[in-house]
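Next come the chains, spelled out residue by residue.
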Amino acid sequence: MSRIMFAVLAAATLAAPALAADGDKTFQGPFIGGQIGWQQDRQSLTTGTVPPATARASGDGFAYGGQIGYDFQIGKAVLGVETSLTGRTGRTDFAAFDVEQGRTINVTGRAGWLITPEGLLYARGGYSNARFSIANPAGPAENRDGYLLGVGYEHKLSRNISARLEYNYADYGNDILPGAGGPNTLNYHRHAVMTGVNFRF
């Protein structure tokens, strides 16, 4: 009996640091949250004329939405996945038409490093899908596939709440539009600064 008790005590002693370590994982588990921020869409239109001419336009807007994801903490390293849905405002104006921004869906992974027990510095990257509409005159709306890259900082405010600030760059490729002299090429880029709060479980 004494040997069994000794074995149980030894196992409990060995398990205690592991349980404490799990308790110290400040960025471990599922989360859900909201985000708001500023964005700027930049587009260029290259004509099919000879020689080609390029017109550039940019428009500022407001972004708002939510996110859900899961983080895995291994020591000071944090790996995570996240899906977000944001509404977007803003418009870029060309001479012949305007392009209005709509909702955006992102599915990204992130990798970060704890620079303090509560502070996480990270990079993000993955898939992005954005909706754009042609206006003035009214034209088609389309969903464009692209990619997103970003960097950010997240800070744990309490056991279950964290706040973050991040910069994102997105590229949605090129559109081929009809035009005098030949097809025109319209490309899509986006810069955004977002801040958000996550509720962790």
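The text that follows walks through the structure, step by step, so that each part is easy to find. (Residues numbered from 1 in each chain as written. Predicted model: local features only at pLDDT ≥ 70, side-chain atom pairs only at ≥ 80, totals over all residues. Heavy atoms only, no water.)

## Brief notes about the overall build of the chain
Step number 1: Tallying secondary structure elements over the chain gives one helix and nine strands in all.
Step number 2: For the chain, the N- to C-terminal ordering of α and β elements is α-β-β-β-β-β-β-β-β-β.
Step number 3: In the chain, which comprises 201 residues, the proportion classed as buried is 39%.
Step number 4: Contacts in the chain between residues far apart in sequence, at least 24 positions, make up 62% of those at least 6 positions apart.
Step number 5: Summed over its atoms, the accessible surface of the chain is roughly 10800 Å², and 68% of this surface lies on carbon and sulfur atoms. (Helix = DSSP H or I, 4+ residues; strand = E, 2+ residues; numbered from the N terminus. Buried < 20%, exposed > 50% of the residue type's maximum accessible area, 1.4 Å probe, protein only. Contact = heavy atoms within 4.5 Å. Areas by Shrake-Rupley, 256 points an atom, 1.4 Å probe, with all protein chains shown as cover.)

## Description of the pattern of salt bridges
Step number 1: Tallying each qualifying case throughout the model produces 13 salt bridges.
Step number 2: Note that D93 is salt-bridged to R91, the shortest N-O span being 2.9 Å.
Step number 3: The class of R91 is partly exposed, set by a relative accessible area of 38%.
Step number 4: Within this structure, D71, R110, E154 and R200 form a network of salt bridges that share partners. (Salt bridge = Lys/Arg side-chain N within 4 Å of Asp/Glu carboxyl O.)

## Considering the pairing of strand β7 (residues 141-156)
Step number 1: As paired elements, strand β6 (residues 119-135) and β7 share 15 bridges and run antiparallel to each other. Bridge pairing links R131 to N143 in β7.
Step number 2: The hairpin formed by β6 and β7 contains five residues between the paired strands, and N136 there has a positive phi angle of roughly 55°.
Step number 3: Connecting β7 to the antiparallel partner strand β8 (residues 161-177) that follows it, the hairpin turn spans four residues. (Pairing = 2+ DSSP bridges.)

On their own, these measurements won't tell you what the molecule is for.
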